[in-house]
Amino acid sequence: MVVERTRRDAARNRDLLVAAARRAFAERGPDVPLEEIANEAGVSRTTLHRHFENREALASAVLEHNVTDIEAMASALADADDGAERLFHFLLDVQFESPWLARVVADGRMPGTADLAARTAAALDPLLDRARSLGRVHPGVGTGDVLLTLPMVMAVQAAASAAVESAAVDAAAGAPPRLGTTRAILHRGLFTTEPPTAG
């Protein structure tokens, strides 16, 4: 009984740490101090390191959580004619909310990245096949093309952030590139349907 409770407590602490890291990374980037994540999760730094050897392992757990969400969304959309488009916009939402992920993945230190990328592609493949059969995707567009949009979004986010930080964009020049505009452009490049209107 004690062992079972200990395991439950350990699983709960791990879940709390992943949820806290997800929020902290999204709000403050991947370099947020690990002690802040532990505090936000309500556990000690020792407990954090018992579950995650280093920052990369914690970031990998957050990424896996995101991929699990993507897989669940893909499963829910399996019979929807617009499933590929909806999953694509869900992928963009994940990227918009967690731009730090692409940077951490790109540095090559995160464990399990290739497997998680393969899982994301596998979730998208059947929806894209359905969209292709319905003429909802441009000829020649494959899963790799859809996933290639994610680093493109990262570049737009970085440019917009740099413009704001350097005050290069003033009232006369207008706002930095808007993510809604980017979303619409990428949608039109992949799909034959109109992009969703901003809610």
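Description of the structure in this document. (Residues numbered from 1 in each chain as written. Predicted model: local features only at pLDDT ≥ 70, side-chain atom pairs only at ≥ 80, totals over all residues. Heavy atoms only, no water.)

What to know about the packing of helix α5 (residues 83-97) against helix α9 (residues 179-190)
Right, so step 1: As a packed pair, α5 and α9 sit with axes 11 Å apart at the nearest point and diverge in direction by 145°. Handedness of the crossing formed by α5 with α9: right-handed. Between α5 and α9, the contacting residues are E85, F88, H89, L92, D93 and F96 on the first element and L179, R183, L186, H187 and L190 on the second.
Right, so step 2: A per-class count over the contact of α5 with α9 returns six nonpolar, two polar and three charged. (Axes fitted to C-alpha atoms, helices over the stretch in contact; angles between N-to-C directions. Helix = DSSP H or I, 4+ residues; strand = E, 2+ residues; numbered from the N terminus. Left-handed = near helix turned anticlockwise from the far one by under 90°. Contact = heavy atoms within 4.5 Å. Nonpolar A, V, L, I, M, F, W, Y, C, P; charged D, E, K, R; others polar.)

Re the nonpolar core
Grouped burial of nonpolar side chains is what soluble globular proteins tend to show.
Right, so step 1: Among the nonpolar cores identified, the biggest contains 23 residues, and L87, F88, L92, V146 and F191 are the most heavily contacted of them.
Right, so step 2: Counting only elements with at least two residues in this core, the list comes to α4 (55-76), α5, α7 (113-133), α8 (143-165) and α9.
Right, so step 3: Top contributing element to this core by residue count: α5, with six residues.
Right, so step 4: Aside from chain neighbours lying at most four places away, what touches F191 is A84, E85, F88, L128, R136, V137 and H138.
Right, so step 5: Of all hydrophobic cores here, the second largest spans 18 residues; its members include A21, A38, L48 and A61. (Core = buried A, V, L, I, M, F, W, Y, C linked by side-chain atoms within 4.5 Å. Buried < 20%, exposed > 50% of the residue type's maximum accessible area, 1.4 Å probe, protein only.)

Some thoughts on α4
Right, so step 1: For α4, with 22 residues, the first-to-last C-alpha span of 32 Å sits near the 32 Å given by 1.5 Å per residue.
Right, so step 2: What α4 keeps buried is the set E56, L58, A59, S60, A61, V62, L63, N66, V67, I70 and A74. (Expected span 1.5 Å × (residues − 1).)

Regarding the side chain of E85
Right, so step 1: Among the structural elements, E85 can be located in helix α5.
Right, so step 2: A relative accessible area of 5% means that E85 is categorised as buried.
Right, so step 3: Residues in contact with E85, not counting those within four places in the same chain, are R136, H187, F191 and T193.

Overview of the environment of G29
Right, so step 1: Looking at the secondary structure, you find G29 in the loop between α1 (2-28) and α2 (34-41).
Right, so step 2: In this structure, the C-alpha to C-alpha distance between G29 and S98, residues 69 residues apart in sequence, is 8.3 Å.

Topic: the packing of α5 against α7
Helix-helix packing is characterised by the crossing angle of the two axes and by the distance between the axes.
Right, so step 1: The contact between α5 and α7 brings their axes to 8 Å, and the two run at 145°. From α5, G83, A84, L87 and L91 reach across to α7, where they touch T120, A123, L124, L127, L128 and A131.
Right, so step 2: Its residues assigned to classes, the contact of α5 with α7 comprises eight nonpolar, two polar and no charged.

Examining the environment of L127
Right, so step 1: Turning to its location among the elements, L127 is positioned in helix α7.
Right, so step 2: L127 sits in the buried class, given a relative accessible area of 4%.
Right, so step 3: Residues L127 and T143, spaced 16 residues apart in sequence, show a C-alpha to C-alpha distance of 9.7 Å.
Right, so step 4: When sequence neighbours within four positions are dropped, the list of residues in contact with L127 reads A74, L77, A78, G83, A84 and L87.

As for the pattern of salt bridges
Right, so step 1: The final tally for this structure, using the stated rule, is 13 salt bridges.
Right, so step 2: Between R23 and E40 there is a salt bridge, with the nearest N and O atoms lying 2.9 Å from each other. Here E40 lies in helix α2 and R23 lies in helix α1, a separation of 17 residues in the sequence.
Right, so step 3: Since its relative accessible area comes to 38%, R23 is described here as partly exposed.
Right, so step 4: By relative accessible area, E40 is classed as partly exposed at 32%.
Right, so step 5: One salt bridge in this structure joins D129 and R132, with 2.9 Å as the shortest N-O distance. With D129 and R132 both in helix α7, this residue pair falls three residues apart, about one helical turn.
Right, so step 6: Accessibility expressed as a relative area gives 46% for D129, which makes it partly exposed. (Salt bridge = Lys/Arg side-chain N within 4 Å of Asp/Glu carboxyl O.)

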